[in-house]
Amino acid sequence: MGVVIRPATAYDVDAVVDVGRRTWPQTYTPLAGEDYVRMGLDKWWTVAATRPLVLAGKATVAELDGEVVGVAVVGPLTGDLVLFRLYVVPEHQGMGIGRLLLEDVMTTARETGHRILRLSYLDGNAGAERFYQGFGFVESHREPTGDGIPDSIWVVRDLWEQEQS
Ligand SMILES: CC(C)(COP(=O)(O)OP(=O)(O)OC[C@H]1O[C@@H](n2cnc3c(N)ncnc32)[C@H](O)[C@@H]1OP(=O)(O)O)[C@@H](O)C(=O)NCCC(=O)NCCS
């Protein structure tokens, strides 16, 4: 398996958007419904919303045999680094690509002096919950999402502590 993890460039914007468009329906339709998926794709998974993140150096892609199949996007939020997006397209999940992306994010965060990495997932996203638990993230708080959408579960990882086994 030829997986390359690298910073996204301007040439990747369409491919990054495509990762979200391929991943969101399967992930969120059962949890939050079609309207939520449509809202998310219209709001966050567009070229206009994604290009600034890529150009600001906040996006990392996973390329499998030359095709972008996964993406991680980080950014600051109230003083901490937050992983805002981590997605691997459905047909390539469970192959270790999410692990490579998250490890890259954590390594870069440490190298740039960050101690804390936060992220949230929707309550009921059991796959995300187990994935992040495996990397030592622990719940910090819940945030109501409204409109009948499950709460956001915020989790945190101290990057300077050894990973739990
Ligand atoms: C969550 C996600 C990013 C993980 O990426 P991935 O490439 O599928 O995961 P990996 O193959 O790298 O798995 C890494 C580890 O997490 C575990 N894991 C991954 N997905 C899991 C799942 N659904 N249930 C249980 N464990 C899971 C694996 O068993 C693996 O553990 P191991 O290395 O000890 O064997 C990916 O599955 C995804 O995009 N899911 C849908 C979208 C989503 O929920 N994103 C997170 C939103 S906050």
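Residues numbered from 1 in each chain as written. Predicted model: local features only at pLDDT ≥ 70, side-chain atom pairs only at ≥ 80, totals over all residues. Heavy atoms only, no water.

- The name given to the chain in an unreviewed UniProt entry is GNAT family N-acetyltransferase, and the organism recorded there is Candidatus Phosphoribacter hodrii.

### Regarding the sheet that holds strand β3 (residues 67-77)
Now for step 1: The strand order across the open sheet built from seven strands is β1-β2-β3-β4-β5-β7-β6, with neighbouring strands paired in mixed fashion. Each end of this open sheet is capped by a strand with a single partner; those strands are β1 (3-7) and β6 (138-143). Taking each pair of neighbouring strands and ignoring which way they run, the sheet shows an average axis angle of 25°.
Now for step 2: Relative to strand β5 (residues 116-122), strand β4 (residues 80-88) runs parallel, the two sharing two bridges. (Pairing = 2+ DSSP bridges. Helix = DSSP H or I, 4+ residues; strand = E, 2+ residues; numbered from the N terminus. Axes fitted to C-alpha atoms, helices over the stretch in contact; angles between N-to-C directions.)

### Things to note about the environment of Tyr132
Now for step 1: Of note, Tyr132 is situated in helix α5 (residues 126-134).
Now for step 2: Classification of Tyr132 by relative accessible area gives buried; the value is 8%.
Now for step 3: The sequence separation of Tyr132 and Leu119 amounts to 13 residues, and the corresponding C-alpha distance is 9.4 Å. (Buried < 20%, exposed > 50% of the residue type's maximum accessible area, 1.4 Å probe, protein only.)

### Here's the deal with the site of the ligand
Now for step 1: Neighbouring the ligand are 21 residues, the closest being Gly94, Gly96, Gly98, Arg99 and Asn125.
Now for step 2: At a separation of 2.7 Å, an oxygen atom of the ligand approaches a polar backbone atom of Gly98.
Now for step 3: When the ligand is considered free in solution it has 900 Å² of accessible area, and contact with the protein chains removes 70% of it.
Now for step 4: Mapped onto the shell around the ligand, the elements with two or more residues apiece are α1 (13-32), β4, α4 (97-111), β5 and α5.
Now for step 5: Element by element, the count of residues in the shell around the ligand is highest for α5, at five residues.
Now for step 6: Of the residues in the shell around the ligand, the class split is ten nonpolar, nine polar and two charged. (Near = heavy atom within 4 Å. Polar contact = N/O pair within 3.5 Å; in protein donor to acceptor, adjacent residues only side chain to side chain. Areas by Shrake-Rupley, 256 points an atom, 1.4 Å probe, with all protein chains shown as cover. Nonpolar A, V, L, I, M, F, W, Y, C, P; charged D, E, K, R; others polar.)

### Overview of the side chain of Ser152
Now for step 1: Tracing the backbone through its elements, the reader meets Ser152 in strand β7 (residues 152-158).
Now for step 2: If near-sequence neighbours (up to four positions away) are discounted, Ser152 is found in contact with Ser120, Tyr121, Leu122, His141, Arg142, Glu143 and Thr145. (Contact = heavy atoms within 4.5 Å.)

### Digging into the pairing of β5
Now for step 1: Handedness of the β4-α4-β5 crossover: right-handed.
Now for step 2: Here seven bridges tie β5 to β7, and the two strands are oriented antiparallel to one another. What sits directly across from Leu119, in β7, is Val155. (Right-handed = clockwise from strand over helix to strand, strands pointing away.)

### A closer look at the packing of aromatic side chains
Now for step 1: The tally for this structure, following the rule as stated, stands at ten aromatic pairs.
Now for step 2: Where Trp24 meets Trp44, the ring centres are 6.0 Å apart and the plane angle is 55°; that geometry is what we call tilted. Here the residue Trp24 occupies a position in helix α1, and Trp44 occupies one in the loop between α2 (34-43) and α3 (47-55), the gap between them amounting to 20 residues.
Now for step 3: Under the relative-accessibility criterion, Trp24 is labelled buried at 3%. (Phe/Tyr/Trp six-rings, centres within 6.5 Å; stacked < 30°, edge-to-face > 60°.)

### Describing unusual backbone geometry
Now for step 1: A positive phi angle, near 40°, is found at Thr78, a position not held by glycine.
Now for step 2: By the secondary structure assignment, Thr78 is in the loop between β3 and β4.
Now for step 3: For Asp147, which is not glycine, the phi torsion reads 55° and is therefore positive.

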